[in-house]
Amino acid sequence: MRTFVVGGLTVLAAAAGFAQTARGTLAGTVTLRDTAVPAVTVEVKNQLTNAVLTATTEKSGRYKLTDLPEGVYEVSIPPLGIAAGRFVQKDVAIKAGETTALDIALKQGNLATLGDDNGFFAIHNNSQGVRGPAPRTRDGHPDLSGVWNVNLDPHPTPASLLPWAEGVMKERRETNFRDQPSGFCLPDDPTPTLPLLRRFVYTPTMLVQLFEQEPHYRQIFLDGREHPRDADPTWMGHAVGRWEKDTLVVDTTGFNDKSWVLFAEGLPHTDKLHMIERYRRPDLGHLVVDLTLDDPATFAKPIERHMTWQLAPKDEVLESICTENNKYQQNAGIQ
Amino acid sequence: MRKFVFVACAIACLSTPVVAHHSFAAEFDITKPVTLTGKVTKIEWTNPHAYLFIDVQDAQSGAVTNWEIEMGSPNGLTRLGWTRTLVKAGDMVTVEGSMGRNKPNLANARSVVMTATGKKLGAASSEATQ
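Worth saying up front: this structure is predicted, and the values here are computed from it rather than measured. (Residues numbered from 1 in each chain as written. Chains lettered and ligands numbered in written order. Predicted model: local features only at pLDDT ≥ 70, side-chain atom pairs only at ≥ 80, totals over all residues.)

### Focus: the overall build of chain B
Each helix and strand in chain B was counted, giving one helix and seven strands. Tracing chain B from N to C terminus, the helices and strands come up as β-β-β-β-α-β-β-β. Taking all 130 residues of chain B together, 38% fall into the buried category. Here the contacts in chain B between residues at least 6 apart in sequence split such that 52% fall between residues at least 24 apart. (Helix = DSSP H or I, 4+ residues; strand = E, 2+ residues; numbered from the N terminus. Buried ≥ 20, exposed ≤ 12 C-beta atoms within 10 Å, placed from the backbone. Contact = placed C-beta atoms within 7 Å.)

Written out as structure tokens, the structure reads:
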């Protein structure tokens, strides 16, 4: 089990106050390991009305929300890759005519093993300032090619599992997720939710995805073929895609039942798993990914995840050979 | 009118079970923090994890123990500004992390500081926005 430790709230005295009627200001800086974090969303929810306002941090990590009605608020920042878990601070009082200062020190995720977050924020910070329309290929479709910094659904709905699957999850929690496949250099998860870099190579007949974990690639056939009948089940399944206007819809079946699906959740599934991904590139710098997982033998209802990934134009997918020096079994005491 | 408003609150610490490259909690015990200062004897710049080995001398007995320190992957460390030659055998470092559960003298590294300069390695250089 990995635990995100989040918090480290710095309490500051307020800066200048503003004499306004029943409105106040919230301002501060978001940092991770003493470094400003730009372009993250700070969500501010009124605890009485549930009204939500958001601000995006500037290059300096600063954020500011003015004209907040006086009241008590929950301030939160969604999880950011493996780098930092969800930050939540409740009961932040906003008073009329005053500025409440709230500096937020995100704690490194993953129980903070140095380098284990795969450099999410270094990539994130390298990727700022990408502007422009989505490129298109000669066949007229948006070109999904590029290196993408995979990020999580900021507001995931908890998966609803059948009793047997709940039992499996209980056992996984009790054993500290010890048997997770990647510990043994096997593929963890066929879903595109691992917060690592993922390179898309788009051609009119195939979308190839490359990433830094087993099995390091995925092929999505775009040539009109169907899923094979009675194929051998595989870790990544058999994927075919087709365009619906500017959205590439990818349909994957034929999975084995060995992987643990959805990063940070590690859910079980059967070989009836059916995954649908919908990819849109609304502009040069972003990929919108809507994911549906259906497995009536495991999930009480289909699971949906909605993610927005950022283009990482200055970064590359690098080699990562897990069997080179994997000490996991030895260090986890697995015989 | 200038007023000071204090946000009176406890530190918000959330614990969410998270699965990543492999299970952290199967290897390390977050409730057992450890700080170690010692001389680097070896670095393994390998996947899926890089390791530092350091000789740590017990202040009282003088006995020297070689500790194995697990870090992230070379790819993750590279993006934090590390290189394979950043830390060399003979360098003195201070490591903060958590104790291993199943193997003596094993810990992970949450931070690594070069003792000579006080420089925190991989902390900020490549994460700066400029």
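### Quick notes on unusual backbone geometry
The omega angle of the peptide bond from Glu214(A) to Pro215(A) is 0 degrees, so this bond is cis rather than trans. Turning to its location among the elements, Pro215(A) is positioned in the loop between strand 13 (206-211) and strand 14 (217-221). Along the chain, Asn47(B) connects to Pro48(B) via a cis peptide bond; the corresponding omega equals 0 degrees. Its place among the elements puts Pro48(B) in the loop between strand 2 (28-44) and strand 3 (51-57). Even without being glycine, Asp67(A) reaches a positive phi, approximately 60 degrees. Its place among the elements puts Asp67(A) in strand 7 (residues 62-69). Phi at Phe177(A) is positive, roughly 55 degrees, even though this residue is not glycine. Structurally, Phe177(A) can be placed in the loop between helix 2 (163-174) and strand 12 (197-202).

### Here's the deal with helix 2 of chain A
Think of an α-helix as 3.6 residues a turn; residues three or four steps apart then line up on the same face. With 12 residues, helix 2 of chain A extends 17 Å from end C-alpha to end C-alpha; this agrees with the ideal 16 Å at 1.5 Å per step. Just downstream of helix 2 of chain A, Asn176(A) is the residue with a positive phi angle, here 55 degrees. (Expected span 1.5 Å × (residues − 1).)

### Re the sheet that holds strand 6 (residues 52-56) of chain A
All names here are of chain A. Strand order across the open sheet formed by four strands is 6-5-8-9, with antiparallel pairing between neighbours. Every interior strand has two partners, whereas the edge strands, strand 6 and strand 9 (87-94), have only one. For this sheet, the mean inter-axis angle between neighbouring strands, taken without regard to orientation, is 25 degrees. (Pairing = 2+ DSSP bridges. Axes fitted to C-alpha atoms, helices over the stretch in contact; angles between N-to-C directions.)

### Points about the nonpolar core
Counting residues in each nonpolar core, the largest one holds 82 residues, and the members touching the most others are Val30(A), Leu106(A), Trp148(A) and Ile69(B). Shared between two domains, this core holds at least three residues of each, these being domain 1 (9-110) and domain 2 (127-331) of chain A. By size, the runner-up hydrophobic cluster in this structure holds seven residues, among which are Phe177(A), Ala332(A), Phe24(B) and Ala25(B). (Core = buried A, V, L, I, M, F, W, Y, C linked by C-beta atoms within 7 Å. Domains from an automatic or database assignment.)

### Looking at the environment of Pro154(A)
Residue position: Pro154(A) is located in the loop between strand 11 (146-149) and helix 2. By C-beta crowding, Pro154(A) is classed as partly exposed, having 16 other C-beta atoms within 10 Å.

Purely geometric numbers; function is a separate question.
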